[in-house]
Amino acid sequence: MDTLCENITIQGIGGGVAYVNQLRADQLSLNLKVQDMNLSDALGELDKARSFLGSPEHILGSPMTKHGEVAEVFEVRFGNADRIIRGEDPIYSFDGVGRTAPEDYLKNNLPVQSKFVQSNLSVDAVLKHLNDYPDFINNGGSYCIPKDYYEQIQNWMKLSPEELAKLPAADGGRLARNVVERVRELEAQTGKSFGEIIEPSQLEYNQVQLNSANGTIDKKEQEIIQIDESEREKYWEMSQASIKEGFKTAGIAAAISGVISFSATLIGA
């Protein structure tokens, strides 16, 4: 009887292990299929950016200013691709936004105006837009400027007035003082801090210029592919959970224990 009970136990556990392994395999297969769709949709966003860039005659502005609309399109397409590849919903959109509207795109359904202008690191352009549309911030709007400009301004904002005054003109001191002065003006006008009004783009100023934009898309594509590989690795590791954890997850351990106990009772009877 002990041998028979032992055989039933082994068979029960073996069946449970096989079942858990099948659950793992099925879930892994499902996760990878979903990730296939995520990758396709994320790369589709980059294809939209390529298509836009492929018709430069349709991009707003002169050859010297077309990068402004390129920055808008890249911010939306890259931002959505970053979320889609991780299985998250896209939050950037051009839906209902005219090409000459006060906003350039929507982020979380709120208006964003992109400013990629060299003069005073885009702050003058932000001030001008706000003067043209005084309710833009009050209506939930915000501004987006090049990542490298944003970081430089943040560094200058950390300096004391004395430190700022000591920066030599040759090292950008004059520009630093002008920019900080404009930022203070912007903060006084809105009653909000620099970080509440302006957010950094994920792109730097040089990355959206027409002579480098294609390379920027290529680099982003490689980044998306690397994230995809990381997501797939995560799913694989999830599928390799221990048998014990597998039992806990599937709620099988208790069931097998019950079957074994019941079988042993029958045999004992």
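Residues numbered from 1 in each chain as written. Predicted model: local features only at pLDDT ≥ 70, side-chain atom pairs only at ≥ 80, totals over all residues. Heavy atoms only, no water.

### Some details on the overall build of the protein chain
Move 1: Within the protein chain one finds 10 helices and 5 strands.
Move 2: Evaluated residue by residue, the protein chain yields a buried proportion of 39% over its 269 residues.
Move 3: Carbon and sulfur atoms provide 52% of the accessible area of the protein chain, an area that totals close to 15,000 Å². (Helix = DSSP H or I, 4+ residues; strand = E, 2+ residues; numbered from the N terminus. Buried < 20%, exposed > 50% of the residue type's maximum accessible area, 1.4 Å probe, protein only. Areas by Shrake-Rupley, 256 points an atom, 1.4 Å probe, with all protein chains shown as cover.)

### A short note on the pairing of strand β4 (residues 142-145)
For a regular strand, the rule is simple: side chains alternate between the two faces of the sheet.
Move 1: The side-chain alternation of β4 yields two buried faces, one formed by Ser142 and Cys144 and the other by Tyr143 and Ile145.
Move 2: Two elements, strand β3 (residues 110-114) and β4, share 3 bridges in a ladder whose sense is parallel. Within β4, the position partnered with glutamine 113 by the bridge is tyrosine 143.
Move 3: Note on the crossover from β3 through helix α3 (residues 123-132) to β4: the handedness is right-handed. (Pairing = 2+ DSSP bridges. Right-handed = clockwise from strand over helix to strand, strands pointing away.)

### Thoughts on the packing of aromatic side chains
Move 1: Under the criterion given, the structure shown has 5 aromatic pairs.
Move 2: Aromatic side chains tyrosine 92 and tyrosine 105 sit 6.2 Å apart centroid to centroid with 50° between the ring planes, which places their arrangement in the tilted category. Here tyrosine 92 is found in strand β1 (residues 92-93), whereas its partner tyrosine 105 is found in strand β2 (residues 105-107), with 13 residues between them in sequence. One exposure class covers both tyrosine 92 and tyrosine 105, and it is buried. (Phe/Tyr/Trp six-rings, centres within 6.5 Å; stacked < 30°, edge-to-face > 60°.)

### With respect to the confidence of the model for the protein chain
When pLDDT is low, close inspection of the predicted coordinates is not appropriate.
Move 1: Looking at the protein chain as a whole, its pLDDT mean stands at 88, while 83% of the residues score no less than 70.
Move 2: Here residues 262-267 scores under 50 on pLDDT; set against residues more than four positions off or in separate chains, the count is 6 contacts. (pLDDT = per-residue confidence, 0-100. Contact = heavy atoms within 4.5 Å.)

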